[in-house]
Amino acid sequence: MANDSKTWRCGKYELSFDRPRIMGVLNVTPDSFSDGGEHFDPDAAIEYGLAMLDAGADIIDVGGESTRPGFTPVNPDEEARRVLPVVRALAKEGAIVSIDTRHVAVAKAAVRCGASIVNDVTGFTDPKMVEFVATSTCGVIVMHAGEVAAPARTHATVQLDTSAAAFVAEKAREAAAEAAREAEKPARRRRGKLLGEPKTEAKLPGGVVQPSLPFGDPEPAPEPTGEQKQETPAAEQATPAAEAAATPEPAPEPSDHLAAMMRRSARREEAYVPTSQLRRFTLPDSAPIMRRVMGFLSDQARALIHAGVSRDRICIDPGPGFGKTANEDIVIQRETAKMASLGYPLMCAVSRKRFVGAVSGVTEAAERDAATFGVCLGAIQAGANIVRVHDVTGFAQFLNGYWAVAKPQPRRAFVAVGSNLGHRCDNIRAARDMIAEIPLTCVSNCSRIYESEPAYKTRQDAFANAVIEIKTELAPLVLLDELMKIEAELGRDRSKKAKVNGPRTIDLDLLWMDGETHGGKKLRLPHPLIGERDFVLVPLEDLMHDPARFFRYNGVEVKEPEDRVGHIVGELGRM
């Protein structure tokens with residue numbers, strides 16, 4: 001299950017998996033398979049990314065090149081132009097941003113702009129990409145893209161002929177074939193270098209051999225010799241004109257290897273029809289498929305570790321839909337537990353994929369969210385840690401509902417309480433009692449109530465402040481909504497006419513929650529201003545030893561007492 005001991009270090013962030021993490025898909029492209037063009041404008045993309053954070057996304061995966069079947073490769077300069085403003089804006093709001101790219105130049109620029117994760121659909125088969133991530137601290141996602149079934153072998157028809165003429169003809173064919181092989185050797189060497197064949201494997205830092213790409217083109221079938229053509233009966237030989245009339249000219253294969261693989265995959269999926277050949281089982285044998293997928297993921301993760309990437313920065317993704325048929329994708333998803341046993345955080349990235357449509361009977365990709373949630377739930381139960389989805393709002397609701405019933409998981413959190421209107425101490429005590437009534441939540445401890453100087457807006461009455469320690473099983477954003485309801489019930493004015501940091505009946509801030517890091521406009525965890533507020537840090541000393549040290553350890557900058565705002569000036573009593 002997802003509540004295991006794995007952690008994932010991604011730059012300055014560390015993700016724990018006591019609950020599954022949600023990665024929101026943000027395609028800054030005109031041609032993605034389910035939402036192409038909706039967020040192509042940078043401002044629209046930034047707004048949508050922030051909305052996904054407020055809906056419950058833990059990570060935003062930003063991509064500037066569609067990799068759907070039949071996609072057109074994008075120049076790295078154009079890809080960077082699309083994604084960098086979006087990455088920069090989301091990172092500024094405290095988001096954990098993943099850059100979905102296979103180009104090392106784009107990955108470098110995105111990390112400089114604040115991205116914390118590099119999601120490489122080619123599985124870090126580019127030595128330059130490996131060299132870059134080895135010198136950074138970002139998290140990495142190793143994805144498998146490629147066919148998982150062995151290519152079908154074609155057999156030529158064999159006809160025995162013991163005549164002397166046939167013997168001479170056979171010798172001539174052998175000599176011609178040998179000459180053709182000798183002439184083809186330089187071309188094969190060049191082609192092997194492009195596709196990562198074993199004889200031209202790249203060396204990584206530390207002398208590690210880079211495995212071959214998982215999506216290389218298959219070997220072309222040899223052309224028949226002149227004598228073989230002559231042996232074909234005249235009735236079976238077609239003139240060039242007749243062939244051109246009978247068969248439309250196929251579209252040229254893209255020179256980009258990933259694009260070529262995805263185009264082959266689409267043709268293979270479309271060409272699959274029931275035949276007279278009977279099968280004994282509904283799905284292909286899982287053993288050879290999982291050997292290819294798990295072998296590649298293990299080899300690439302090991303190569304990254306040898307190159308200098310620490311193990312706790314690596315996440316793996318079997319790459320559903322990339323070179324795989326619907327049957328093969330189902331086989332892989334059913335083996336999620338085996339992939340989770342490799343010990344790396346495991347991604348489930350099935351959102352709206354073709355095989356989800358195949359099993360649900362839904363043709364339109366954008367209508368497959370409900371079926372996606374079902375497949376994701378199966379993956380979570382089998383050990384997947386991160387779920388990559390398009391519909392963050394729907395999946396967050398789905399996951400919160402499931403997790404509340406299936407996984408008892410109380411976690412510690414701290415809520416700051418302040419008031420400077422009316423009966424200040426009574427307001428704080430009323431808020432405490434209402435917090436205790438929140439579903440799946442209890443109050444476990446309270447600080448004393450302190451009086452403090454006003455912070456930020458100094459021309460107002462002094463504040464009464466306290467910190468409440470709670471245990472809750474709610475998701476952070478759900479808990480925040482409950483705290484906002486308490487504020488409204490106690491008379492807090494959050495309308496646009498209310499002054500920011502001005503007088504208030506009650507103010508509730510979610511400061512910190514065990515295992516949670518979050519960014520966005522609605523909620524930031526840990527609270528971004530906790531390290532400068534004396535009226536928060538002093539009450540926290542009643543609840544924990546050395547809160548300044550605790551929050552510094554969690555990556556929060558904590559100022560010295562004389563440099564803080566809202567200094568404590570007295571004690572008003574116990575809660």
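Here the structure is a predicted model, which means the values were calculated and not measured.

S.K.: Any details on the overall build of the protein? Residues and values, ideally.
M.R.: Counting secondary structure elements, the protein contains 18 helices and 16 strands. By the burial criterion, 49% of the 575 residues in the protein qualify as buried. Contacts spanning at least 24 positions in sequence make up 72% of the contacts within the protein whose residues lie at least 6 apart. Split by element, the accessible area of the protein, about 28300 Å² in all, is 53% carbon and sulfur.

S.K.: Can you break down the pairing of strand β3 (residues 21-27) residue by residue, with the values?
M.R.: In terms of burial, β3 is largely enclosed, as seven of its seven residues are buried. Every second residue of β3 is oriented toward a common face, with R21, M23, V25 and N27 on one face and I22, G24 and L26 on the other, all of them buried. When β3 meets strand β10 (residues 386-389), the two strands line up parallel, connected through four bridges. By the bridge assignment for β10, M23 is matched with R388.

S.K.: Go over the side chain of R564 with me, naming the residues and quoting the values.
M.R.: Note that R564 resides in the loop between α18 (547-553) and β16 (568-573). For R564, a relative accessible area of 11% corresponds to the buried category. Among the polar contacts listed, one links the side chain of R564 to the backbone oxygen of K559, at a separation of 3.0 Å. Among residues more than four places away in sequence, those in contact with R564 are G531, E532, D534, L537, V558 and K559.

S.K.: Any chance you could break down helix α4 (residues 127-134) for me, citing the residues and the numbers?
M.R.: For α4, every residue scored as buried is listed here: M129, V130, F132, V133 and A134. On the buried face of α4, the contacting elements are α3 (104-112), β6 (117-120), β7 (139-143) and α9 (286-307). N-cap assignment for α4: the residue whose side-chain oxygen lies 3.0 Å from the backbone N of K128 is D126.

S.K.: How would you explain the packing of aromatic side chains if you had to name every residue and give the values?
M.R.: Scanning the model with the defined rule gives seven aromatic pairs in all. Taken together through their ring pairs, the aromatic side chains of F414, W512, F550 and F551 make up a single cluster. R311 extends its terminal NZ or CZ atom over the ring of Y344, reaching a point 4.1 Å from the ring centre.

S.K.: Explain the pattern of salt bridges to me, and be specific about the residues and the numbers.
M.R.: Once their charged atoms are close, side chains differing in charge can pair, the charge on each being opposite to the other. Applying the stated rule across the entire model yields 33 salt bridges. R429 is paired through a salt bridge with D426; the nearest N and O atoms lie 3.7 Å apart. Remark: D426 and R429 occur in helix α15 (residues 424-435); sequence separation between them is three residues, near one turn of the helix. Within the structure, one salt-bridge network assembled from shared partners comprises D18, R19, R21, D58, R411 and E516.

S.K.: Tell me about the pairing of strand β5 (residues 96-100), residues and numbers included.
M.R.: A large share of β5 lies buried, amounting to five of its five residues. Of the two faces of β5, the one carrying I96, S98 and D100 and the one carrying V97 and I99 are both buried. Read as a crossover between parallel neighbours, the route from β5 over α3 to β6 is right-handed.

S.K.: An account of the packing of helix α1 (residues 42-55) against helix α2 (residues 76-92) is requested, with residue identities and associated values reported.
M.R.: A pair of packed helices is characterised by two quantities: the angle between their axes and the separation of those axes. Packing of α1 against α2 leaves a shortest axis separation of 9 Å and a crossing angle of 35 degrees. Taken as a pair, α1 and α2 cross one another with a handedness that is right-handed. Residue-level contacts link P42, A45, I46, G49 and L50 of α1 to P85, V86, A89 and L90 of α2. Considered class by class, the residues forming the contact of α1 with α2 number eight nonpolar, one polar and no charged.

S.K.: Any chance you could break down the sheet that holds β10 for me, citing the residues and the numbers?
M.R.: Pairing is parallel in the open sheet, where eight strands are placed in the order β8-β7-β6-β5-β4-β3-β10-β9. Every interior strand has two partners, whereas the edge strands, β8 (314-317) and β9 (347-348), have only one. Direction of pairing for β9 relative to β10: parallel, over a ladder of two bridges. Bridging across to β10, C348 finds its partner in V387.

S.K.: Explain the packing of α3 against α4 to me, using residue names and the numbers behind them.
M.R.: Running from N to C, α3 and α4 point in directions that differ by 20 degrees, and their axes come no closer than 9 Å. Taken together, the axes of α3 and α4 are roughly parallel relative to one another. Seen along the crossing, α3 lies across α4 with a hand that is right-handed. Every residue of α4 that contacts α3 at V104, A107, K108 and V111 is listed here: K128, M129 and F132. Of the residues that constitute the contact of α3 with α4, the class distribution is five nonpolar, no polar and two charged.

S.K.: A description of the confidence of the model for the protein should follow, citing residues and the corresponding values.
M.R.: Parts of the model with low pLDDT should not have their predicted coordinates read in detail. In this model, the protein carries an average pLDDT of 84, and 77% of its residues clear a pLDDT of 70 or more. When the criterion is pLDDT under 50, residues 216-222 qualifies, and its contacts beyond four places in sequence or with other chains add up to twelve contacts. A low-confidence stretch, residues 224-254 (pLDDT under 50), is modelled with 19 contacts involving residues beyond four sequence positions or located in other chains.

S.K.: Help me get a handle on the side chain of D507, residues and values and all.
M.R.: Mapped onto the fold, D507 is located in strand β15 (residues 507-513). Within the structure, the side chain of D507 is placed 3.2 Å from the side chain of R504, a separation counted as a polar contact. Beyond its immediate stretch of four places on either side in the chain, D507 contacts A416, V417, G418, E487, R492 and R494.

S.K.: Requested: an account of helix α16 (residues 476-489), with residues and values cited.
M.R.: Under the 1.5 Å per step criterion, the end-to-end length of α16 is 20 Å for 14 residues, consistent within 8% with the ideal 20 Å. Of all the positions in α16, only P476, L477, L479, L480, E482, L483, I486 and E487 are classed as buried. Looking at the buried residues of α16, the elements they touch are α1, β11 (411-419), α15, β14 (463-472) and β15. Positive phi shows up at G491, right after α16, with a value of about 95 degrees.

Procedures and definitions
- Residues numbered from 1 in each chain as written.
- Predicted model: local features only at pLDDT ≥ 70, side-chain atom pairs only at ≥ 80, totals over all residues.
- Heavy atoms only, no water.
- Helix = DSSP H or I, 4+ residues; strand = E, 2+ residues; numbered from the N terminus.
- Buried < 20%, exposed > 50% of the residue type's maximum accessible area, 1.4 Å probe, protein only.
- Contact = heavy atoms within 4.5 Å.
- Areas by Shrake-Rupley, 256 points an atom, 1.4 Å probe, with all protein chains shown as cover.
- Pairing = 2+ DSSP bridges.
- Polar contact = N/O pair within 3.5 Å; in protein donor to acceptor, adjacent residues only side chain to side chain.
- Phe/Tyr/Trp six-rings, centres within 6.5 Å; stacked < 30°, edge-to-face > 60°.
- Lys NZ or Arg CZ within 6 Å of the ring centre and 35° of its normal.
- Salt bridge = Lys/Arg side-chain N within 4 Å of Asp/Glu carboxyl O.
- Right-handed = clockwise from strand over helix to strand, strands pointing away.
- Axes fitted to C-alpha atoms, helices over the stretch in contact; angles between N-to-C directions.
- Left-handed = near helix turned anticlockwise from the far one by under 90°.
- Nonpolar A, V, L, I, M, F, W, Y, C, P; charged D, E, K, R; others polar.
- Parallel < 35°, antiparallel > 145°, perpendicular 65-115°, else oblique.
- pLDDT = per-residue confidence, 0-100.
- Expected span 1.5 Å × (residues − 1).

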